[in-house]
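# Working through the structure, step by step
The lines below spell out each chain.
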Amino acid sequence: MRLTFEQLKQEFERVLLARGVKAELADECATMFAQTTESGVYSHGVNRFPRFIQQLEAGDIIPDAQPTKALALGAIEQWDAHRSIGNLTAKKMMDRAIELADGHGIGLVALRNANHWMRGGSYGWQAAEKGYIGICWTNSIAVMPPWGAKECRIGTNPLIVAVPGTPITMVDMSMSMFSYGMLEVNRLAGRELPVDGGFDDQGNLTKEPSVIEKNRRILPMGYWKGSGMSIVLDMIATLLSDGASVAEVTEDNSDEYGISQIFIAIEVDKLISGDNRDAKLKRIVEYVKTAERSDPEVAVRLPGHEFTQLLAENRRNGINVDDSVWAKIKAL
Ligand SMILES: NC(=O)C1=CN([C@@H]2O[C@H](COP(=O)(O)OP(=O)(O)OC[C@H]3O[C@@H](n4cnc5c(N)ncnc54)[C@H](OP(=O)(O)O)[C@@H]3O)[C@@H](O)[C@H]2O)C=CC1
Ligand SMILES: O=C(O)C(=O)C(=O)[C@H](O)[C@@H](O)CO
């Protein structure tokens, strides 16, 4: 079905208010979920809302908690989220990293005791829209086997790198070949994955999302490379935030909360003139896009470049929401 931004926001807000979330917080949180969905990232917008409510009801998320600064070291700060609402706090932390970058050229905020932030790209985009390079990542509960294993011991730990420009170029990617959210999107659409996404129970690579969702033998992106990146991203987030690692979250907690996150903003405009920046970015983009195509019918595209058009289409035609997901939300 197709819904408007307002219909989404109103329903999200209804569910949040009914669970005692204060009006201002419910409005802000519902807006972020609706914005993520309107941007076309259904996996971590509307589709993820029931799971967010389940963790709110379980007490994993403490809606009235507010992040506090634990330590300041010039361009680096360490904050404690106190298990506040994940997307609202992540937005505040990227804004803080931008403030630090404004004064120091670069700003890094390390956050502990955090909750799932939904679409990581929201925070990279947030920085890039203000003219800063935005880099952020999070650890998670163990949901991926390290390369060579069958048992989940590492996180999907998405890494986001956003570069300001027109349009913004942004890589927002799980350390797994597909996020669980994208497995669900493909399953709900009745699609096979475009490339192998994990192993079946016999240890063979598979494109079948439901098999991977069930056995959790999800494939690290780039095989051993994604596995290694997941591990070092976890280590850095854990050390700089003095927070919980994937191992601690998984072994010490009853679910995925109390995670660790990194937010980095880097100044650009004081290092290169606007005209020079745009000319250089244009040359990179054109050089990439004009490569001889594998399939003459399929254009080479850069990550993040489709969001502007996707947003315009969703605003014009309505946002395509899976019926079964909407039924779940209406029943909350
Ligand atoms: N614990 C957590 O918080 C987790 C959150 N997530 C979130 O889930 C969402 C989905 O992650 P993921 O499954 O990795 O997303 P995708 O695999 O859909 O996309 C990953 C990246 O690859 C780019 N890309 C995809 N297809 C192409 C293509 N054909 N050509 C060029 N670039 C391409 C995407 O650009 P584009 O966006 O333009 O398509 C994006 O930057 C993200 O927002 C992520 O932050 C994921 C895992 C865990
Ligand atoms: O992969 C996802 O999608 C995703 O958000 C995660 O990996 C989460 O960390 C975990 O909750 C599994 O959904």
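To start, this report covers the structure provided alongside it. (Residues numbered from 1 in each chain as written. Chains lettered and ligands numbered in written order. Predicted model: local features only at pLDDT ≥ 70, side-chain atom pairs only at ≥ 80, totals over all residues. Heavy atoms only, no water.)

## What to know about the overall build of the protein
Across its full length, the protein carries 12 helices and 11 strands. In summary, the protein has a C-alpha radius of gyration of 20 Å against a globular reference of 20 Å for 332 residues, a match within 12%. Considering only C-alpha atoms, the protein reaches an extent of 50 × 50 × 45 Å along its principal axes. Among the 332 residues that make up the protein, the fraction classed as buried is 51%. Across the protein, contacts joining residues at least 24 apart in sequence account for 65% of those joining residues at least 6 apart. A total accessible area of about 15,700 Å² is found for the protein, and carbon and sulfur atoms account for 54% of it. Side-chain charges in the protein split into 36 positive and 44 negative, and the spacing between the mean points of these groups amounts to 1 Å. (Helix = DSSP H or I, 4+ residues; strand = E, 2+ residues; numbered from the N terminus. Rg over C-alpha atoms; globule rule 2.2 N^0.38 Å. Buried < 20%, exposed > 50% of the residue type's maximum accessible area, 1.4 Å probe, protein only. Contact = heavy atoms within 4.5 Å. Areas by Shrake-Rupley, 256 points an atom, 1.4 Å probe, with all protein chains shown as cover. Lys, Arg positive; Asp, Glu negative; His and termini not counted. Charge placed at Lys NZ, Arg CZ, Asp CG, Glu CD.)

## Digging into the packing of aromatic side chains
Per the counting criterion, the structure on display carries 13 aromatic pairs. Residues Trp125 and Phe307 carry aromatic rings whose centres are separated by 5.7 Å and whose planes lie at 90° to one another, so their mutual orientation is edge-to-face. Here the residue Trp125 occupies a position in helix α5 (residues 121-129), and Phe307 occupies one in helix α11 (residues 307-317), the gap between them amounting to 182 residues. Joined through ring pairs, the aromatic side chains of Phe12, Phe33, Phe49 and Phe52 make up one cluster. Across the ring face of Phe307, the terminal group of Arg119 is positioned such that the distance to the ring centre comes to 4.6 Å. The ring centre of Tyr180 lies 4.0 Å from the NZ or CZ of Arg216, which sits over that ring. (Phe/Tyr/Trp six-rings, centres within 6.5 Å; stacked < 30°, edge-to-face > 60°. Lys NZ or Arg CZ within 6 Å of the ring centre and 35° of its normal.)

## What about the site of ligand 2?
Every residue near ligand 2 is listed here: His44, Arg48, His116, Ser140, Val143, Thr156, Ser179, Tyr180, Gly181 and Glu256. Residue Arg48 places a side-chain N or O atom 3.1 Å away from an oxygen atom belonging to ligand 2. One of the side-chain N or O atoms of Thr156 is found 2.6 Å from an oxygen atom in ligand 2. Here ligand 2 loses 88% of its free accessible area of 320 Å² to cover by the protein chains. For the shell around ligand 2, the class distribution of residues is two nonpolar, six polar and two charged. (Near = heavy atom within 4 Å. Polar contact = N/O pair within 3.5 Å; in protein donor to acceptor, adjacent residues only side chain to side chain. Nonpolar A, V, L, I, M, F, W, Y, C, P; charged D, E, K, R; others polar.)

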